[in-house]
Amino acid sequence: MSAATTRSRTPDRLCAEAVDLAREAAEEAAAPGVVGEHVTLVSEGDRVVTHFFECKEPGYRGWRWAVTVARASRAKLVTLDETVLLPGPDALQAPEWVPWSERLRPGDMGPGDLLPTEADDLRLEPGYTGEDVPPPNSAVSEEMAERVDAEDAELADRSDAAPAGTARGSIAAVADELGMRRARVLSRYGLHAAADRWEESFGGKTAMAQAAPASCESCAFLVPIAGSLSQAFGICANAFGPADGRVVALDYGCGGHSEAAVMPKPPRPAAPVLDTVAPDPLPLRPARDGSVPETPDPTEDLGHS
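**Q** How should a negative patch on the surface be read in this particular structure?
**A** A contiguous patch of negative charge on the surface is contributed by Asp20, Glu24, Glu27 and Glu28. By the element assignment, Glu28 lies in helix α3 (residues 19–29). A relative accessible area of 71% places Glu28 in the exposed class.

So this is what it looks like as C-alpha cells:
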C-alpha cells in the first residue's frame, strides 16, 4: 500500500476539527432547528473531509446533512466545499422509479384511458409495405393511375374522390375501400407473447386443467377461432365455467365439461294395472235399453193403495 493511499484514508487533523464550521454551513442551508448532533466524518482524500450531522426534518428519517471541507497544501485555513442532504444507511427513501410501461398491469385501464404504443413496439409490424409502388405488371400501374385521376377530375373534386393522404389507385386506397387497411398488425413476437400469456392463465398445466375430467378440445362449449391460433386455442362459452368468455387452450379443462357428467333422463313410470287416476263415468239416467222403463205403466200396481 502506497503512502498516498494511507494518507487519503487518514482524516486531515485540521479538517476533522472544523466541526463548528461544518455545522454553521449546514444550519445556513437548512431550516432553523433541523440540524442535529454530529454523527461521523469520512476522509474523501488528501485534506478533504466530510462531516455528517443528524437531520431532524420531519419526513427525512435517517437522512444526514453532509458538509465537505478542505484545505490547500501547506495552508492552515479550512474552507467550505459543499453542503448537501444525503440518505443514511437506514434512511426512509422513495422506491426506485419504474417506467409506466413496466408498472402497467392487466386490468389497470379504465373508461377514457389511453394506452400509447411505441413506434418500434416489437409486438407490432407494418400492416402493408410498398403501398405507392405497385408491381410493373399490375393493373394499378402508374399510367393507369394517371388515367383514373384524369377521369375523376372531370367528374368531381379529387379531394372528395379519395381520402386525404391516400393516392387514388394505391394499395392503401384499395384496402380502404375493402375495409382491410390497418397501419400495423400483430407481429410474430406479439402473437407468441399472447399465446404464452393465455397458456399460462388457461392452459393444460394449470391446477384446474389437471383436475378436469376432460379437455376443452372435446367440449361442446368451446367456440373455435380463426387464424393460426385456432390449432391451439378457442373461446369458452360456458356461463358457469371459470373461463367464460376467455381464450382457453385446447388442453385446458374444468368440471363444466359438456360430457363430463351428463344427467340421465328421468324414468317414465309404467302403466298402472288398476287405473286409480282416471274418473269412472256414472250415468244420471239408466240406458234406454235397460230393464226400467222411462215412463211408468199407469195400470201397474205400484205396491201401495
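**Q** Explain the sheet that holds strand β7 (residues 222–224) here, please?
**A** Hydrogen bonding along the main chain pairs the strands of a sheet, whether they run parallel or antiparallel. With respect to topology, 3 strands assemble into an open sheet ordered β7-β8-β9, the strand pairing being antiparallel. Here the strands that pair on one side only, and so sit at the sheet edges, are β7 and β9 (247–249). Each adjacent strand pair in this sheet contributes to an overall mean axis angle of 50°, direction not counted.

**Q** Is there a simple way to explain a nonpolar patch on the surface in this structure?
**A** Nonpolar side chains collect at one region of the surface, where Trp100, Leu104, Met109 and Leu115 lie side by side and expose about 370 Å² of accessible area between them. Structurally, the position occupied by Leu115 is in the loop between α4 (100–103) and β5 (124–126). Look at Leu115 and you get partly exposed, because its relative accessible area is 41%.

**Q** When you look at the side chain of Asp12 in this model, what are you seeing that I'm missing?
**A** With respect to the helices, strands and loops of the structure, Asp12 is situated in the loop between α1 (3–9) and α2 (13–16). On the basis of relative accessibility, which here comes to 13%, the residue Asp12 falls in the buried class. A polar side-chain atom of Asp12 sits 3.3 Å from the main-chain amide nitrogen of Leu14. Among the polar contacts made by the side chain of Asp12, one reaches the main-chain amide nitrogen of Cys15 at a distance of 3.1 Å.

**Q** So what exactly am I meant to see when it comes to helix α8 (residues 188–201) here?
**A** Since the α-helix packs 3.6 residues into each turn, any two residues three or four apart lie on the same face. If you check α8, its first and last C-alpha atoms are 20 Å apart, about what 14 residues at 1.5 Å a residue would give, namely 20 Å. Regarding α8, the residues found buried are Gly190, Ala194 and Ala195. Buried residues along α8 cover an arc of 135° about the axis, so they all sit on one side. Exposed and oriented more than 90 degrees from the buried face of α8 are Arg188, Tyr189, Asp196 and Glu200. Where the residues of α8 are buried, they touch β6 (184–186) and β8 (233–236).

**Q** Hey, could you run me through the pattern of salt bridges in this one?
**A** Close approach of charged atoms allows side chains of opposite charge to pair. For the structure shown, the criterion picks out 3 salt bridges. For Glu17, the salt bridge identified is with Arg13, shortest N-O distance 3.5 Å. Exposure class is identical for Glu17 and Arg13. Each is exposed. Note that Arg123 is salt-bridged to Asp121, the shortest N-O span being 2.8 Å. For Arg123, a relative accessible area of 42% translates into the label partly exposed.

**Q** Explain the side chain of Ser258 here, please?
**A** With respect to the helices and strands, Ser258 occurs in the segment after β9. A distance of 2.9 Å separates a polar side-chain atom of Ser258 from the backbone nitrogen of Ala220. Other than its neighbours up to four places away in sequence, Ser258 contacts Ser218, Cys219, Ala220 and Phe221.

**Q** Looking at this model, I keep getting lost on the packing of aromatic side chains. Mind explaining?
**A** To describe a pair of aromatic rings, one takes the distance between the centres and the angle between the planes. Scanning the model with the defined rule gives 3 aromatic pairs in all. Considering the side-chain rings of Tyr60 and Trp63, the 5.4 Å spacing of their centres and the 85° angle between planes classify their relative orientation as edge-to-face. Measuring from ring centre to ring centre gives 5.6 Å for Phe202 and Tyr252, while their planes differ by 90°; the resulting arrangement is edge-to-face. Taken together, the positions of Phe202 in the loop between α8 and α9 (207–210) and Tyr252 in the segment after β9 put the pair 50 residues apart, joining distant regions of the chain. Here Phe202 falls in the buried class, since its relative accessible area comes to 13%. Owing to a relative accessible area of 4%, Tyr252 belongs among the buried residues under this scheme.

Calculation criteria
- Residues numbered from 1 in each chain as written.
- Predicted model: local features only at pLDDT ≥ 70, side-chain atom pairs only at ≥ 80, totals over all residues.
- Heavy atoms only, no water.
- Patch = residues over 30% accessible without salt bridge, like charges linked within 9 Å, V, L, I, M, F, W, Y side chains within 5 Å.
- Areas by Shrake-Rupley, 256 points an atom, 1.4 Å probe, with all protein chains shown as cover.
- Salt bridge = Lys/Arg side-chain N within 4 Å of Asp/Glu carboxyl O.
- Lys, Arg positive; Asp, Glu negative; His and termini not counted.
- Charge placed at Lys NZ, Arg CZ, Asp CG, Glu CD.
- Helix = DSSP H or I, 4+ residues; strand = E, 2+ residues; numbered from the N terminus.
- Buried < 20%, exposed > 50% of the residue type's maximum accessible area, 1.4 Å probe, protein only.
- Pairing = 2+ DSSP bridges.
- Axes fitted to C-alpha atoms, helices over the stretch in contact; angles between N-to-C directions.
- Polar contact = N/O pair within 3.5 Å; in protein donor to acceptor, adjacent residues only side chain to side chain.
- Expected span 1.5 Å × (residues − 1).
- Arc of directions from axis to C-beta.
- Contact = heavy atoms within 4.5 Å.
- Phe/Tyr/Trp six-rings, centres within 6.5 Å; stacked < 30°, edge-to-face > 60°.

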